[in-house]
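Per-entry structural report
Chain by chain, the residues:
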Amino acid sequence: MFTERQWVIDIPNPAGECIGFSDYKTCFSIAQIVILFGSCYKISRRRSGASFGRNIMTSVNGKTGRNDFCPCGSGRKYKTCCLPAKDRAFYLMKQQYLRQYRIRLKDPKDVEGIRSAGSLAVASLDYIAHHLAPEITTEYINSLIHDFITSQGATPAPLNYMGFPKSACTSVNEVVCHGIPGKRVLREGDIINVDVTPILNGYYADANKTFFIGSPGVDAEKIVSAARECLKRGIAMVKPGNTVGDIGWAIQEYAESLKCSVVREYTGHGVGYAFHEPPEIPHIGQRDTGIVLVPGMVFTIEPMINLGGPDLRLLDDNWTVLTVDRSLSAQFEQTVVVTDDGVETLTPYNLEEPLLSLIGGPATP
Ligand code: MF3
Ligand code: CO
Ligand code: CO
């Protein structure tokens, strides 16, 4: 009865009734949630693949209002027809993902909060883009970002996070990530990644972008373009039923096709209630492996792509990460949510604008 357009998750039934079948070693009662691509949920109980008991089929297009007609075609209001089944499906899924993976799925109210924090993250990156120029220090960038984020009633998550001393990460050229703002002076031809994470009303959103300082050289243009395309391809894999491995696979395939390398030691991550939550989102991987993506998962995708080899070196400050071969490294990061039928970015900056728009400073071409 299950076609390949459907996928199945076994959920321990909180009612505790044992139906005598389990994918787990212990005897769980199972309620099964089948999410049909095209945003339909089906809740059924089955034993060894055979459907039995009451089946509820409901279309759960996320945009249907409580008082709208139910998309199942019954002619009744959504709220008195299929909505309760959808809510129950989400409730069961939430329990399952928490228990099995320690992943906290977000409900629409939480997503709204993260979306607001995300708008501020994007605004911070836009703001700093206009202030980038040769001869400024990374400390100056930090102070501008700190003041911008706090002026909006938010808190910069990096500040004092596990001892990190500043409000943003600034990673220049061969610095892969976690560069600490300081005395380093930007020069014409540099690339710099600026990574911001505002906490707004308790919600975290994490985003970064790599900018050019003045006109880029050939290598700078190549690696920045590659990293941005990797993020785009990673995001394109996000929809219910795909896996975490699909995201890493898409990124790795593209980066390696350009003879660039993908950083393995640092990954994307769940985000929203905290800075770093389960799961990890590796930027390498194989198709159809790893955790299945389900609606309500919020995580970052943030591929770090090196022009040379993948190997890294950690500086004595215990934060700054460099490429061993000192080749250029670039990164783009967004926070995304898995929706009923695909993906929404909660830090929506344009991944298609002309590459040269990433040249910092007030007069970008
Ligand atoms: N923002 C980084 C990330 O994308 C994490 C920085 S941790 C810090 O996950 F402490 F350096 F801020
Ligand atoms: Co991140
Ligand atoms: Co970040």
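Attention in this report is confined to the structure presented alongside it. For every chain, the first residue of its written sequence is number 1, and the numbers climb from 1 along that sequence. The lettering of chains begins at A and the numbering of ligands begins at 1, in the order of writing. Given that this is a predicted model, residues contribute local features only at a pLDDT of at least 70 and side-chain atom pairs are listed and counted only at 80 or more, while totals for whole chains, interfaces and linings are drawn from all residues.

With that out of the way, let us pick up the sheet that holds strand β7 (residues 175-177). Two strands pair under a simple rule: DSSP has to find at least two bridges between them. Secondary structure elements are taken from DSSP: a helix is a run of H or I of four residues or more, a strand is a run of E of two residues or more, and numbering for both begins at the N terminus. Ordered by their spatial adjacency, three strands build an open sheet running β7-β18-β17, and the pairing between neighbours is antiparallel. Looking at strand neighbours, the two that pair on one side only are β7 and β17 (312-314), the edges of this open sheet. Each adjacent strand pair in this sheet contributes to an overall mean axis angle of 40°, direction not counted. Relative to strand β18 (residues 321-323), β17 runs antiparallel, the two being bridged by three bridges. Within the sheet, the bridge partner assigned to L314 lies in β18 and is V321. Axis lines are fitted to C-alpha atoms, over the contacting stretch for helices. Their N-to-C directions set the angle, which ranges from 0 to 180 degrees.

Here we take up the pairing of strand β15 (residues 298-301). Here a residue counts as buried when 20 or more other C-beta atoms sit within 10 Å of its C-beta, as exposed when there are 12 or fewer, and as partly exposed otherwise, the C-beta atoms being derived from the backbone. Neither face of β15 is exposed, since V298 and T300 on one face and F299 and I301 on the opposite face are all buried. Alignment of β15 against strand β20 (residues 334-338), held across four bridges, turns out to be antiparallel. The partner of T300 across the bridge, within β20, is T335.

What follows deals with the sheet that holds strand β19 (residues 329-331). Across the sheet, which stays open at both edges, the three strands sit in the order β12-β16-β19 with antiparallel pairing between neighbours. Edge positions in the open sheet fall to β12 (261-262) and β19, since each of these has one partner strand only.

All right, on to the site of ligand 1 then. Near, for a residue, is defined by distance from a backbone-placed C-beta atom to a molecule or strand, with 6 Å as the limit that must not be exceeded. Close to ligand 1 lie P158, Y161, M162, F164, C169, H178, D195, T197, D206, T300, E302 and E333, which account for all nearby residues. Amino acids are sorted into nonpolar (Ala, Val, Leu, Ile, Met, Phe, Trp, Tyr, Cys and Pro), charged (Asp, Glu, Lys and Arg) and polar (every other residue, Gly among them). Taken together, the residues that form the shell around ligand 1 break down as five nonpolar, three polar and four charged.

What follows concerns helix α5 (residues 244-257). Helices are assigned an expected span. That span is 1.5 Å times one less than the residue count. The first and last C-alpha atoms of α5 sit 20 Å apart over 14 residues, in line with the 20 Å expected at 1.5 Å per residue. Within α5, 10 of the 14 residues are buried, which leaves the element mostly enclosed by the surrounding structure. When we look at burial in α5, the residues that qualify are V244, G245, D246, I247, G248, W249, A250, I251, Q252 and A255. Where α5 is buried, its residues touch α4 (218-236), β12, β14 (277-281), β15 and β16 (304-306). C-beta atoms are first placed from the backbone for all residues, and any pair lying within 7 Å is then listed as a contact.

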